Amino acid sequence: MFTIKNHLEIRNAHLIIGKVDTTVLAERYGTPLYVTNESRIVENFMAYRKAFPEADIYYAAKANGSFAILRILAREGAGADVFSYGELYMALLAGIPHEKLLFNGNSKTDFELKKAVELGVKVSVDSRDELHTLSEIAQKAGKDVEIAFRVNPDVSTKTHPKISTGLRTSKFGIPSEEVVSIYREASVLPGISPTGIHCHIGSQILDTAPFREATHKMMDLVEKVAALGIELKFVDMGSGLGIPYKKDGTQTPEPQDHADAILPVFEERTKALGISPKLILEPGRYIVGDTTILLAHVNTVKKAAKNFVGVDAGFNLLIRPTMYDSYHYAVVANKAASPPGETYTIVGPICETGDILAHDRALPRIEKGDLIALLDAGAYGFSMSSQYNGRPRCAEVLVKNGEAEVIRSAEDVGDLMAKQRLPSWLV
Ligand SMILES: *Cc1c(COP(=O)(O)O)cnc(C)c1O
């Protein structure tokens, strides 16, 4: 079985996370259950810190916006990349200072822009339209807002098309050929200080060449913008570093490889220009992906066209396999030391054919009541969950060195009804 020292281990044939037995957690808190190991978050964040000692690390809050997780990262000194007023609100509440936040997004509301201005947060502007709206809002508020333009560097990455964001046809960013003119325009607009430049080429990227290519393209743009007399204070290269979901022994890049791909280019080119902008990175998946497992109990085992194992978590809680054809390594957590006995397809309880969490896995013989752990569920897992099929969301537990505490209570049917009202004619 796959293990990571001090994070995922096997003891007495049980899967252990952060020195806590998963079967104990399942019994104590019920399933389905998301379990996150705090120590692993800190370790992953430190790996980025160490690889990029001069850079600012802005955690991409959308990967996992749970409040305790934001708090852990705030304490480690992370900034955050936020995509909505909700994420902005929670990041500030968690203790991330406003000067370490970047408000991203291709379609922000006027309300969101107002909040960014009022709270003194940098904005990544995604269109000319937004630039003018923001200028008006800042002017009215009597404030000056620092902005970056999100640019589309037109770099292709070998990742799933749904998570490739830097292609020419992507909805994100200003096309490269318009970048110079938009900085020129921004430099004379009231309330706007164009101080940065921003890109993000995609997610789950396992080859560092596109990062290097994007750095070159971004530095070409920085050079052109500098020629306008605008000296940029920060260059935000986004992130997108992938993690080894498959556990097939393939070497995958680490933050140090990410740094080796971009730092030499960044340093050489800024030096040649005689400028020293701050480098910003926005890792999400790498920081939280492997820190978390989703535990689910087996409700039924059925021999049909396939050996189906029906568990109590479905795409309502983990939509990645359904949406992105993603792979999550599965472990029978209460039989973690047993050899494979059968090939199983693990499915959820949702009324959709696509509700499949894991296809054709060789696993120990499974029966009703067994505990399945899906690994690497920390990024785009709970944060993409829903109540589809009338299913309250599950609890989240944080473990740390043998201790466990709930960081989000399980919802119940009251939460399904929480905001619903009957019109007068149906009461
Ligand atoms: C999603 C996103 C990230 C994080 O991507 P990961 O693949 O999770 O590292 C960073 N920056 C921006 C702008 C994003 O949209």
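These lines cover the structure that appears in this document, whether it is placed above or below.

Calculation criteria
- Residues numbered from 1 in each chain as written.
- Predicted model: local features only at pLDDT ≥ 70, side-chain atom pairs only at ≥ 80, totals over all residues.
- Heavy atoms only, no water.
- Near = heavy atom within 4 Å.
- Polar contact = N/O pair within 3.5 Å; in protein donor to acceptor, adjacent residues only side chain to side chain.
- Areas by Shrake-Rupley, 256 points an atom, 1.4 Å probe, with all protein chains shown as cover.
- Nonpolar A, V, L, I, M, F, W, Y, C, P; charged D, E, K, R; others polar.
- Core = buried A, V, L, I, M, F, W, Y, C linked by side-chain atoms within 4.5 Å.
- Buried < 20%, exposed > 50% of the residue type's maximum accessible area, 1.4 Å probe, protein only.
- Helix = DSSP H or I, 4+ residues; strand = E, 2+ residues; numbered from the N terminus.
- Contact = heavy atoms within 4.5 Å.
- Axes fitted to C-alpha atoms, helices over the stretch in contact; angles between N-to-C directions.
- Parallel < 35°, antiparallel > 145°, perpendicular 65-115°, else oblique.
- Pairing = 2+ DSSP bridges.
- Expected span 1.5 Å × (residues − 1).
- Bend = angle between axes of the 7 residues up to and from the residue.

**So, the site of the ligand**
(1) Moving on: In the vicinity of the ligand there are 16 residues, among which Lys-62, Ser-203, Glu-282, Arg-285 and Tyr-380 approach most closely.
(2) Moving on: Here a nitrogen atom of the ligand and a side-chain polar atom of His-200 are 3.4 Å apart.
(3) Moving on: Its free accessible area being 390 Å², the ligand has 96% of it covered by the protein chains.
(4) Moving on: Of the residues in the shell around the ligand, the class split is four nonpolar, seven polar and five charged.

**Details of the nonpolar core**
(1) Moving on: Phe-52, Ile-147, Phe-149 and Ile-197 are the most contacted members of the largest nonpolar core, which totals 79 residues.
(2) Moving on: The leading source of residues in this core is helix H8 (residues 209-227), at seven residues.
(3) Moving on: Once residues lying within four places of it in the same chain are set aside, the contact partners of Phe-52 are Ile-57, Pro-255, His-258, Ala-259, Ile-262, Leu-263, Leu-279 and Leu-281.
(4) Moving on: Counting residues in each nonpolar core, the second largest holds 22 residues, with Val-332, Tyr-344, Ile-346 and Ile-366 among its members.

**Considering the environment of Ala-68**
(1) Moving on: With respect to the helices and strands, the residue Ala-68 is situated in helix H3 (residues 67-76).
(2) Moving on: For the pair Ala-68 and Thr-250, spaced 182 residues apart in sequence, the C-alpha separation works out to 32 Å.

**Some points on the packing of helix H4 (residues 85-93) against helix H5 (residues 110-119)**
(1) Moving on: Running from amino to carboxyl end, H4 crosses H5 at an angle of 25°, the nearest separation of the two axes being 10 Å. In terms of their interaxial angle, H4 and H5 are classed as roughly parallel. Judged by residue contacts, Tyr-85, Leu-88 and Leu-92 of H4 engage Phe-111, Glu-112, Lys-115, Ala-116 and Leu-119 from H5.
(2) Moving on: In terms of residue class, the contact of H4 with H5 is made up of six nonpolar, no polar and two charged.

**Notes on the sheet that holds strand S2 (residues 14-17)**
(1) Moving on: With antiparallel pairing, three strands are arranged side by side in an open sheet as S1-S2-S3. In this open sheet, the two strands that pair with only one neighbour each are strand S1 (8-11) and strand S3 (20-21).
(2) Moving on: Pairing analysis gives two bridges linking S2 to S3, with the strands arranged antiparallel. Among the inter-strand pairings, Ile-17 is bridged to a residue of S3, identified as Val-20.

**Some points on helix H9 (residues 255-273)**
Each α-helix turn comprises 3.6 residues. Residues three or four places apart therefore point the same way.
(1) Moving on: Between the first and last C-alpha of H9 there are 26 Å, a value that for 19 residues agrees with the 27 Å anticipated at 1.5 Å per step.
(2) Moving on: Along its length, H9 reaches its greatest deviation from straightness, about 35°, at Ile-262, and the proline Pro-264 lies no more than four positions downstream.
(3) Moving on: Buried-residue contacts for H9 involve helix H2 (38-51), H8, strand S12 (234-236), strand S13 (278-281) and helix H10 (285-288).
(4) Moving on: Among the residues trailing H9, Gly-274 stands out with phi positive, at a value near 70°.

**Topic: helix H6 (residues 128-140)**
(1) Moving on: Taking 1.5 Å of rise per residue, the 13 residues of H6 would be expected to cover 18 Å, and the 19 Å separating its terminal C-alpha atoms lies within 8% of that figure.
(2) Moving on: When we look at burial in H6, the residues that qualify are Glu-130, Leu-131, Leu-134, Ser-135, Ile-137 and Ala-138.
(3) Moving on: In the core, the buried residues of H6 are packed alongside H5, strand S8 (122-125), strand S9 (145-152), helix H7 (179-187) and strand S11 (192-198).
(4) Moving on: Taken from the residues just after H6, Gly-142 is the one with a positive phi, measuring 65°.

**Topic: the pairing of S2**
Two faces, one strand: in a regular strand the side chains alternate between the faces of the sheet.
(1) Moving on: Of the strand pairs in this sheet, S1 and S2 are connected by four bridges, and their pairing is antiparallel. Bridging across to S2, Arg-11 finds its partner in His-14.
(2) Moving on: Counted along the chain from S1 to the antiparallel partner S2, the turn is two residues long, and its residue Asn-12 has a positive phi close to 50°.
(3) Moving on: The turn joining S2 and S3, which pair antiparallel and follow one another in sequence, is formed by two residues; a positive phi near 55° is taken by Gly-18.

**Topic: the side chain of Thr-252**
(1) Moving on: Note on placement: Thr-252 falls in the loop between S12 and H9.
(2) Moving on: Look at Thr-252 and you get buried, because its relative accessible area is 15%.
(3) Moving on: Beyond its immediate chain neighbours, meaning those up to four positions away, Thr-252 contacts Leu-206 and Pro-244.

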